[in-house]
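# Close look at the chain arrangement
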Amino acid sequence: MLSHERVWAAIDALAERYSLSASGLAKKAGLDSTAFNKSKRQSVDGRPRWPSTESLAKIIEATNSSLEEFLGFVEPARTVNRARARERAAGVPLLGFAQAGAGGFFDDAGFPAGQGWDLIELPARATESSYALEVQGDSMLPLYRNGDVLIVEPGAVVRKGDRVVVKTISGEVMAKVLERQTQGVIELVSLNPEHPIRRFQTHEVEWVARIVWASQ
């Protein structure tokens, strides 16, 4: 369902996906640089102001994306998940760790969003909201190797000692063991004993999701 809030959020997400600000996206599309400013999203009397279809067509063309990709940002992630579940029946969305650090693939809660996901066979531990991340490189040795697939359950309760995937606000994505989580601090133990404990302020972390299965 289209809503004023979701359409504007989709424009912001499209801009982030292509490493642009809202004003940068407007300029790239040949529009006034202030066209997508937050102050332009409501009229003087407080009524919602919608972007024109011409503006939407121009930003889609300017980013060489597609209407389907844009609509992927518009649809709430849980609705997209349910639709994918009906379509795939026996698969979960798959994304590489390197891609996971880029914008546009997750919503604020860490659920899959947008386009660019592949599909893999559904493991027994996966649920309708699960997705998979493919390990790339050797930074997660000795526990996870290049090419291993981790099934992640966003929204699941995480406790000390759980293996988790964490995405920071800066775009870093990592698999760690949760050592401690308080209202203000998250401590993560590396899977590689040569790496130190990582400590983050809560506001530095975008989401934490529990690893429920690994293809080892």
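Let me begin by describing the structure that accompanies this report. Just so it is clear, the structure is predicted and the values come from calculations on it, not from any experiment. (Residues numbered from 1 in each chain as written. Predicted model: local features only at pLDDT ≥ 70, side-chain atom pairs only at ≥ 80, totals over all residues. Heavy atoms only, no water.)

Attention now goes to the pairing of strand 4 (residues 149-153). Across the five residues of strand 4, five count as buried, placing the element largely inside the fold. Side chains Val-149, Ile-151 and Glu-153 of strand 4 all project onto a buried face; the interleaved residues Leu-150 and Val-152 project onto the opposite face, where all are buried too. Here four bridges tie strand 3 (residues 131-134) to strand 4, and the two strands are oriented antiparallel to one another. Following the sheet pairing, Leu-133 is matched in strand 4 by Leu-150. Taken together, the four bridges between strand 4 and strand 9 (residues 205-214) define a ladder with antiparallel strand orientation. Along strand 9, the bridge assignment pairs Ile-151 with Trp-213. (Buried < 20%, exposed > 50% of the residue type's maximum accessible area, 1.4 Å probe, protein only. Helix = DSSP H or I, 4+ residues; strand = E, 2+ residues; numbered from the N terminus. Pairing = 2+ DSSP bridges.)

This structure, assessed with the given rule, holds eight salt bridges. Put simply, Asp-12 and Arg-41 hold a salt bridge, and the shortest N to O gap is 2.8 Å. One end of the pair, Asp-12, is in helix 1 (residues 4-17); the other, Arg-41, is in the loop between helix 2 (22-28) and helix 3 (53-62), with 29 residues separating them in the sequence. Classification of Arg-41 by relative accessible area gives buried; the value is 8%. Of the charged contacts, one joins Arg-180 and Glu-187 as a salt bridge, the two residues approaching to 3.1 Å between their closest N and O atoms. In this structure Arg-180 comes out as partly exposed when scored by relative accessible area, which is 40%. Under the relative-accessibility criterion, Glu-187 is labelled buried at 11%. Overlapping salt bridges, with partners in common, bring together Asp-12, Lys-38 and Arg-41 in one network. (Salt bridge = Lys/Arg side-chain N within 4 Å of Asp/Glu carboxyl O.)

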